[in-house]
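Secondary and tertiary structure notes
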Amino acid sequence: MNQSHIARPTRKDLMDGICSRWPGMEANTRIEEDGSALITCDIATLRELCEWLFCENNYAFATLIVEDEEADWLFRYIFYGDAEVGVVHVCMKQPKSNTVAPSISAGVHAADWHEREVEDLFGISFEGHPRLGDFVLHEEWPEGVNPMKKDFDASKPYMHRQVDPEWRPLRILEAQGAFMMPIGPVYSDYAEACQFFLETVGEDVVRTTPRIFYKFRGVEKLAENQPVERVLLMAERFSGASAFAHSLAFCRAVEKISGLEPPPRGQVLRVLFAELERLRHHVGAIAGICGSTALAVATSQASILEEELLRLSCIMSGHRYLFGVNRPGGISIDVTSDQCKMLGDSVRSIASDLKNLFDMLRLSSSFLDRIEEVGIVSTENALSYGLVGPVARGSGIARDLRNILPYGPYKSQIACQTALETEGDGYARLRVLFREAEESANIICRLSSELPPGDVASPEFRLKAGQALGWVEAPLGAAFHWVSIGEEGAVKRYRVTPPSFMNWHGFHLAAENFAFQDFPIVMATFGLSNAECDR
Amino acid sequence: MIDVSMLLFLFMATCAVGAALAVVLPDRMNLVVQTVVGIVASAIALAASGAVLLLGLSFDINLWRLPGLGPISLHMDRISALFVFVTALVYLPISLFSVEYMEKYVGRYSIKFFGFFSHLLFASIVLTLAAGDVASFLFAWELMTILSYLLVTYEHREEEVTSAGYLLLSMSEVGTFAAALGLLIIAGSADNLSFSALRNASSGIGEAARWGVFLLTFFGFGVKAGLIPGSSWLPRAHPAAPANCSAVLSGVILNLGIYGIVRVNADLLPASHASQGIVALIVGSLSALIGILYATIDNDMKRMLAHSSIENMGIITACLGAGFVFLASGQSALAGIAFVVAFYHTVNHSLYKALLFLGAGAVDSKVGGRNMNRFGGLIKRMPWTSAWFLIGALSIAALPPFNGFVTEWLTLQTLLQSAVLSAKGLKIAFALCGAMLALTAALAVTCFVKAYGMSFLGMPRSKAAESAAEAKSPTIVSMAMLAALCFIFGITPTYVIPVIDGAVSPVVHQSVTDELVPPFFSGNKTKNPKFSDAFMAEFHDLGAQVGSSVLPGRGLVVLHQGTARNPVIFAMSTSYTFVVLAILIIGSVLVIRLLFRNRVVLRKPVWDGGIRRLFPEMTYTATGFSNPVRVIFEAIFRPSMSENTRETISGHFRTAIRNGREETYVVDRALVNPLIRSSQWLAGLIGLIHSARVNAYAGYVLLTLLAFLVIQTLI
Amino acid sequence: MSKWVLLGIRSGTKTTRYPSHTESAAGISPGRPKDTLMADKNAQALIRDLCPTGALNPKNDRIAVDYRRCISCRRCARGASTLVDWEESWEWASLSAPDLNASSALGSPFSQSLHIRVLDAGACRACLSEIEQLGKPYYNIHRLGFFMTPTPRHADVLLVAGPVADNMRLPLEKAYDAMPTPKRVVAVGACALSGGVFGPSFTSYGSLKNVIPVDVEIPGCPPPPLAIIHGLLVLTGRRPPAESGATSFLDRRSGT
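Quick caveat: nothing in here was measured; it's all calculated off a predicted structure.

**Some points on the domain arrangement of chain A**
Split into domains, chain A comes out as domain 1 (3-127), domain 2 (179-211) and domain 3 (219-533). A straight line from the C-alpha centre of domain 1 of chain A to that of domain 2 of chain A covers 35 Å.

**Structural notes on the packing of aromatic side chains**
Geometry of an aromatic ring pair is reported as the spacing of the ring centres plus the angle between the planes. In the structure shown here, the tally under the stated rule is 62 aromatic pairs over all chains. With a centroid separation of 6.5 Å and an interplanar angle of 50°, the aromatic rings of Tyr-321 of chain A and Phe-323 of chain A are classed as tilted. Classification of Tyr-321 of chain A by relative accessible area gives buried; the value is 0%. Phe-323 of chain A sits in the buried class, given a relative accessible area of 1%. For the pair Trp-141 of chain B and Phe-221 of chain B, a centre-to-centre distance of 5.1 Å together with 75° between the ring planes defines the contact as edge-to-face. Placement of the pair is Trp-141 of chain B in helix α5 (residues 134-152) and Phe-221 of chain B in helix α8 (residues 207-225), with a sequence separation of 80 residues. Of the two residues, Trp-141 of chain B and Phe-221 of chain B, both sit in the buried class. Of the aromatic side chains, those joined through ring pairs into one cluster are Phe-97, Tyr-101, Tyr-105, Tyr-109, Phe-113, Phe-114, Phe-116, Phe-117 and Tyr-154 of chain B. The ring of Phe-198 of chain C has Arg-217 of chain A sitting right over it, with the charged end atom 5.0 Å from the ring centre.

**What about the UniProt feature "domain: NADH:ubiquinone oxidoreductase-like 20kDa subunit" (unreviewed entry) in chain C?**
Under the UniProt annotation, "domain: NADH:ubiquinone oxidoreductase-like 20kDa subunit" (unreviewed entry) lies at residues 124-233 of chain C. Regarding residues 124-233 of chain C, the helix share stands at 29% and the strand share at 15%, and the terminal C-alpha atoms are separated by 25 Å.

**Some remarks on the domain arrangement of chain C**
All names here are of chain C. Each assigned domain of chain C is listed here: domain 1 (32-87) and domain 2 (94-236). Relative placement of domain 1 and domain 2: their C-alpha centres are 27 Å apart. In this assembly, eight residues from domain 1 lie in contact with 11 residues from domain 2. Counting the surface lost from both domain 1 and domain 2, the interface buries some 680 Å², and carbon and sulfur atoms represent 54% of this. At the boundary of domain 1 with domain 2, the tally comes to one salt bridge. Across the pair Glu-217 and Arg-68 runs a salt bridge whose closest N-O atoms are separated by 2.6 Å. For the pair domain 1 and domain 2, the interface holds two residue pairs in polar contact (both at pLDDT 80 or more). The residue makeup of the side of domain 1 that touches domain 2, split by class, is three nonpolar, two polar and three charged.

**Topic: helix α27 (residues 694-714) of chain B**
Across its 21 residues, α27 of chain B extends 31 Å between first and last C-alpha, which sits within 8% of the 30 Å expected from 1.5 Å per residue. Counting buried residues in α27 of chain B gives one out of 21 residues, a small share hidden from the surface.

**With respect to the interface of chain A and chain C**
On the side of chain C, 60 residues touch chain A, which itself brings 74 residues to the contact. Buried surface at the junction of chain A and chain C, summed over both partners, amounts to about 5,700 Å²; 59% is from carbon and sulfur atoms. For the interface between chain A and chain C, the tally reads four salt bridges. Between Lys-215 of chain A and Asp-120 of chain C there is a salt bridge, with the nearest N and O atoms lying 2.6 Å from each other. In this assembly, chain A and chain C are joined by 26 residue pairs in polar contact (both at pLDDT 80 or more). If you list the elements that add at least two residues to the side of chain A that touches chain C, you get α4 (219-222), α5 (228-237), α8 (296-317) and α9 (337-362) of chain A. Top contributing element to the side of chain A that touches chain C by residue count: α8 of chain A, with 14 residues. Its residues assigned to classes, the side of chain A that touches chain C comprises 40 nonpolar, 17 polar and 17 charged.

Rules behind the numbers
- Each chain has its residues counted from 1, following the order in which its sequence is written.
- Labels follow written order: the first chain is A, the first ligand is 1, and so on.
- Where local features are concerned, this predicted model is filtered to residues with pLDDT of at least 70; where side-chain atom pairs are given and counted, the filter is 80 or more; whole-chain, interface and lining totals use all residues.
- With hydrogens and water excluded, all non-hydrogen atoms of the structure serve as input to the side-chain values.
- Residue ranges for the domains trace back to a domain assignment, done automatically or taken from a database.
- Ring pairs are drawn from Phe, Tyr and Trp, using the six-membered ring of Trp, whenever the two centres fall within 6.5 Å, and their geometry is named by plane angle: stacked under 30 degrees, edge-to-face over 60, tilted for the rest.
- Residue exposure (1.4 Å probe, protein chains only): buried if accessible area is under 20% of the type maximum, exposed if over 50%, otherwise partly exposed.
- Numbering of helices and strands runs from the N terminus, with a helix taken as a DSSP run of H or I at least four residues long and a strand as a DSSP run of E at least two residues long.
- We count a charge as sitting over a ring when the NZ of a lysine or the CZ of an arginine lies within 6 Å of the ring centre and within 35 degrees of the ring normal.
- UniProt positions are given in the numbering used here, feature names are shortened, and annotations may be inferred rather than shown by experiment.
- Whether two residues are in contact is decided by their heavy atoms: any pair within 4.5 Å suffices.
- In short, buried area is how much 1.4 Å probe accessible area vanishes from two parts on joining, totalled over both.
- Salt bridges, as used here, are contacts in which a Lys or Arg side-chain nitrogen is within 4 Å of a carboxyl oxygen on Asp or Glu.
- Each polar contact in these results corresponds to two N or O atoms within 3.5 Å; when the atoms are within protein, one needs to be able to donate a hydrogen and the other to accept it, and residues that are neighboring in sequence are counted only if both atoms are side-chain atoms.
- When residues are grouped by polarity, Ala, Val, Leu, Ile, Met, Phe, Trp, Tyr, Cys and Pro land in nonpolar, Asp, Glu, Lys and Arg in charged, and all others, Gly among them, in polar.
- A helix is expected to span 1.5 Å multiplied by its residue count minus one.

In structure tokens:
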């Protein structure tokens, strides 16, 4: 049970804090019906306020949303924490003509990549940020073309082809004879497309710089002016390995806008499938870690379990990756009690196989040698970079959205143990994966025998206009979907912050001063997905 | 008939005329004339020394008889002739190289100065080698040292050049002083100062004096040869000097140190104690190892070649040491073999080191700079330079069929002959030093793979390397000459060894040609008293007679014969290797062309992971290549982390990580720096008497007077 | 170390025996819609609206399915709107241009020894995950002589998934260019065949055919591992392709 022994800061603490620091702001602060706080501020106080929330009040940074309105730019910074006021929105407005905003990355380093993304896609530069440019749009895109602006036509291919001849990768290591080894974007047997520059003087790799967004498909732009059913498909499929979780976050956001609550059976089944996906994802990650250390039998054992879980998912839902299960208002399939029993039995046996595997791995010193003390991320770095998911929990940050901002049955029916380790190395992350997998298996077994009867989805409803934030604890960490629906029932703005995006930011922390041969192991213990990050 | 003394006189005259012309001519014509004079002088010296070496003519002139110093004579025996031959052989291409290389100094430094002193240097070197008595030897030696100092500090406006020159001069003087002392100790028991008199006086010198002579001359001449502990000046002097001077320094002047050691300890006063040889062996092996270690990690091309010279001098000295041990143990045949190998290696080293320095000079003048990290891709832009440099690198890495392989093989074989020695300590020393030399050989390959690969292969890593142009014909021809010589000396060891043997046999009193080069290459199996019939037949059946109708004389194989206790035989033939290699390579090419004449070969760019463009900073650098060696031998290098900062702005944005490592030279650390510190301490102590008080100084005068009075009465 | 060996031996053999035997385990394939007789002729508009990618084409009295576009969302085959029949199959691979067959087969030297370079051109990770399962115990393509290679220089086949994101176009072309002939391209998944949900857009090329020539197409979203195996077998002429109706490769002369 995650009963925090520290008293949760209350709403009063938050309001008092704001009033004492910024007298006069009280008028701009209000608490919404769902318990979140909305603070409207101006440019001058933005940086201080965000740093106050992040550093002193221990709120984590969720996402930065920029919207291109007729006359203004709307900035929305979202923070969340383990307080009574769970989510805090800090909003700011700027006239269209002003394309310079203050950067909060110095104090809130987790916002670093968010600001770079906004700069590339919207053309807004953040004053004080030392490294804007060449992030989402690579060296072929000319300056001044920003896809997320309203006047950009997303349906046609953009004929830009103008390679910047002066572009060179950024070099950080200054030493005699230093050079950088480029890896990718096409490399290894099965790796996703991503590029790395490993800077070295010949022995250890001193610094790694990943270059992502090779798989940028522009989901946020493609979603504009599309009906909700279509955007649901995109939300599901931009990251196939955690499809259910992202579709769940999207559906929750839409349901919040329309004031809808799925029926109890639907909610419990959602949790069931979410935990099934988490279990399968973690088993796959464990197989990846064993594979990176070339422990063939362990890899095979984990892979066998992964395939069995894929088949199980297919039997339960008709699709191996749980595509097409979620929809606004509930889920689209129902399960029989026989299926539930079969599910419970299979997951039990898989869980016991997994436990055997863990026990054997724990005693395998050659395996442990390769993942212990490798890819260490310290707790302060993890906090200031805003890392999430098993990576953060392996570095001592006890944040799990199922406990901090519980949704659905997690609020009352199910209590999740947060798997927490403090060393921050590869072995810690592996242990977190195993414990979470075990926890997921327990939840599935329990729920499969306790399904409430009834419908699985609400009857047809009418979409209202509005905006809301949906969140979910995806297998890789906290995912936030911001949906804004317009008057005609089409999506006006869709913003996704996947957990991989936050964690790729911190990847270089683990990949510093290590031997080159450990690179696949560091990658595997992070277990990140480029498809999820690049959207 | 060839009159050697006439040739030598002609040589001196040429040098004098060249020096005179250099002073008066204007710059451009000066360069050409210098080159012509250099070539002519080299040719004459070649003829003169060749006559002595190959034809056995002798040269002996008594010049004057000075009061107090005795007869001043010039005498060229075969040892001197060999060294003069090598000098001239190397000087010829270097002179040709200078005509294009010195163009970069026109207008900046004085060409007249260069020509004047370089011709005089050549003359002084030959004088040193031809000196017949101690006085002229020392006089010519000093002249040579000073002239080499003047030429090394040619670029006298650079501070590091002048400080390198001072170090060279001061260490040379210390060495000269020690060597002179050694010579004079021998002279103390002789009638006069001539070398022949010294040779006769060797019987009257006691054990302790012999040791004194050995140590003084070995370490004294060792400074000039670049052996540790006197090697600190070499890595500084070579990068400071212009490339052609570095080639002379490495290919000629270092040999003079070896000449000095051999002249005293093998000829004038042969080593009498096996331990003396062991000292030489150990010093040589350590020099070799330390030299190659520092060469492997160095990225400055000329400093790397300087360290490599230390390594090669170490190998030569180790061989000499083995020779001394065998000589002292009565194994004169093996001693002869060891000396032959040492001299052969001297010749080889001069050839390939000069070639490599000329290559480095060509690259320096076309690309600018000596840092290998900034080269790359020169094989496309300077194909001829790269080809000849490759041959030099292959030779120095001791790969067949080039000359380095022959002497490296023979060195290791010679050290293996320690089985004949009786004392256990000697055998252990030989084994350890043999192991060190083997390690050295392996590291040498690494070093020159890096040197060639990083400089000539891959992508150009700087703008200067991208826009380099090929050197002009004089440079290319000079390097081609040396490369050809490397090759020739590699595939004809069976012809070179008898010539060198001619120089060695007076020292060990027997000819070792038969030991090394099998004498049974004629149609009928000649009988030779040294080898049993069974042995001859066996070797004959092995096919050693192949090619005897093609090549006259001694044939194709070099042989290292075992002894009664150790009857294993080792044979090597670079000529056979070359022929087989040529057949295999050409044959493979022909077969492949024939079999696959219908195949289409597509050439595509290198697969780089899909990156848009491979930048030069994404390729391996010289530092990266040699980093493993740097890390493994950290105890020797003791690098100091000069800079290790991480610069960030705004907390987490890392803008720069700076790493710097400085390696310290082990000889400096272990020897020179403590010496400097202790002498400074001593000086400080003595400086205490500088109290600047007049009364104290008056007191000193009084004390000194009293001391003299006391001593006066005592004597 | 021995305990790992024992564990491996105790686990037994899990590998499927396809293609020598049919595979009938549950959950190996999500299945796909098939050509169906239209029950209600007036539902044409409804059918077209139902499919988000336009894979269903009602024509005359049948509903034809364009498999290149189907993304397995099942909106046409669930609950109240079960308008299309569903088939539980997995042999879905077909040749991209059925009339160019003779030159498509790689030839007998490759049929038992094929090296594959997997290229991620913006795939969502479901296709990649299915491709990863190929090397794992349940499918183990090594037994068929198929291997993955990390460099296109050694590859015979380029297996591409994803809607060809703009930033991956140059790496894709370079990888294809770096492969020595004979070389073939297999497009895996709906995104590579038609752009899937992300379609041709300002940052995706949509279909792989727009960038490099494609030989074998494997539809599905994602195609299960057995479908990918079927595609590789079609490429090497060991199995007939789906829906082509052409004679199998086995009696065709193989060329390069």
